[in-house]
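Residue strings, one per chain:
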Amino acid sequence: MESAELPYIGGMDRLVHPDLKDVSLAAALHALADPVRLDIISRLVACPSLNASTACVDGTPKSTISNHLNVLRAAGLVETSVEGRERINRLRCEDFNARFPGLLPAVLANKA
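First, a word on scope: everything that follows refers to the structure included in this document. All values derive from a computational prediction rather than experimental measurement.

On to the packing of helix H2 (residues 35-46) against helix H4 (residues 62-74), then. Between H2 and H4, the least distance of the axes is 10 Å, while the angle of their chain directions is 75 degrees. With respect to H4, the element H2 is oriented roughly perpendicular. Between H2 and H4, the contacting residues are Val36, Arg37, Ile40 and Ile41 on the first element and His68, Leu69, Val71 and Leu72 on the second. Looking at side-chain class alone, the contact of H2 with H4 contains 6 nonpolar, 1 polar and 1 charged residues.

Along the chain, the position of Arg37 falls in helix H2. This buried residue, Arg37, is left without a salt bridge; Asp34 holds the nearest opposite charge, at 4.3 Å. Engagement of the side chain of Arg37 in a polar contact is seen with the backbone oxygen of His30, the distance being 3.1 Å. Polar side-chain contacts of Arg37 include one of 3.1 Å to the side chain of His68.

Turning our eyes to something else, we now look at the nonpolar core. If you look at the biggest cluster of nonpolar residues, it comprises 26 residues, and the most contacted ones within it are Leu32, Ile41, Leu72, Leu77 and Phe96. Of all the secondary-structure elements, those providing two or more residues to this core are helix H1 (25-33), H2, helix H3 (52-55), H4 and helix H6 (103-109).

Note on placement: Arg73 falls in helix H4. Overall, the relative accessible area of 7% leaves Arg73 in the buried class. Only 2.6 Å separates the side chain of Arg73 from the side chain of Asn70, close enough to count as a polar contact. With sequence-adjacent residues up to four places away left out, Arg73 is seen in contact with Leu15, Val16, His17, Pro18, Val78, Thr80 and Asn89.

Procedures and definitions
- Residues numbered from 1 in each chain as written.
- Predicted model: local features only at pLDDT ≥ 70, side-chain atom pairs only at ≥ 80, totals over all residues.
- Heavy atoms only, no water.
- Axes fitted to C-alpha atoms, helices over the stretch in contact; angles between N-to-C directions.
- Helix = DSSP H or I, 4+ residues; strand = E, 2+ residues; numbered from the N terminus.
- Parallel < 35°, antiparallel > 145°, perpendicular 65-115°, else oblique.
- Contact = heavy atoms within 4.5 Å.
- Nonpolar A, V, L, I, M, F, W, Y, C, P; charged D, E, K, R; others polar.
- Buried < 20%, exposed > 50% of the residue type's maximum accessible area, 1.4 Å probe, protein only.
- Lys, Arg positive; Asp, Glu negative; His and termini not counted.
- Salt bridge = Lys/Arg side-chain N within 4 Å of Asp/Glu carboxyl O.
- Polar contact = N/O pair within 3.5 Å; in protein donor to acceptor, adjacent residues only side chain to side chain.
- Core = buried A, V, L, I, M, F, W, Y, C linked by side-chain atoms within 4.5 Å.

Function cannot be inferred from these measures alone, as they are strictly geometric.
Here it is, written out as structure tokens:
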């Protein structure tokens, strides 16, 4: 009996990072409108790289954090890289500010 070769499961989950020229203002504002996502952005400003465990307040379910990071990634705000078993998230501040000048600093300055 031959054993079927199974694909590496981790290889099926691809991280998509959009070209910021393809990100609409509506998508950027949507990503910045949620208080949890805004908290993640604030944490990334203070610490340039975070994993899912350190991206949010204690007690937030990992699936919720993952969803918020997906929204931020789709809006071009976060870049995620895989380093060993961790996913490290970094703020794409310079690129985002080039696409939407002044938006991120204005939102962070008026964070409630």
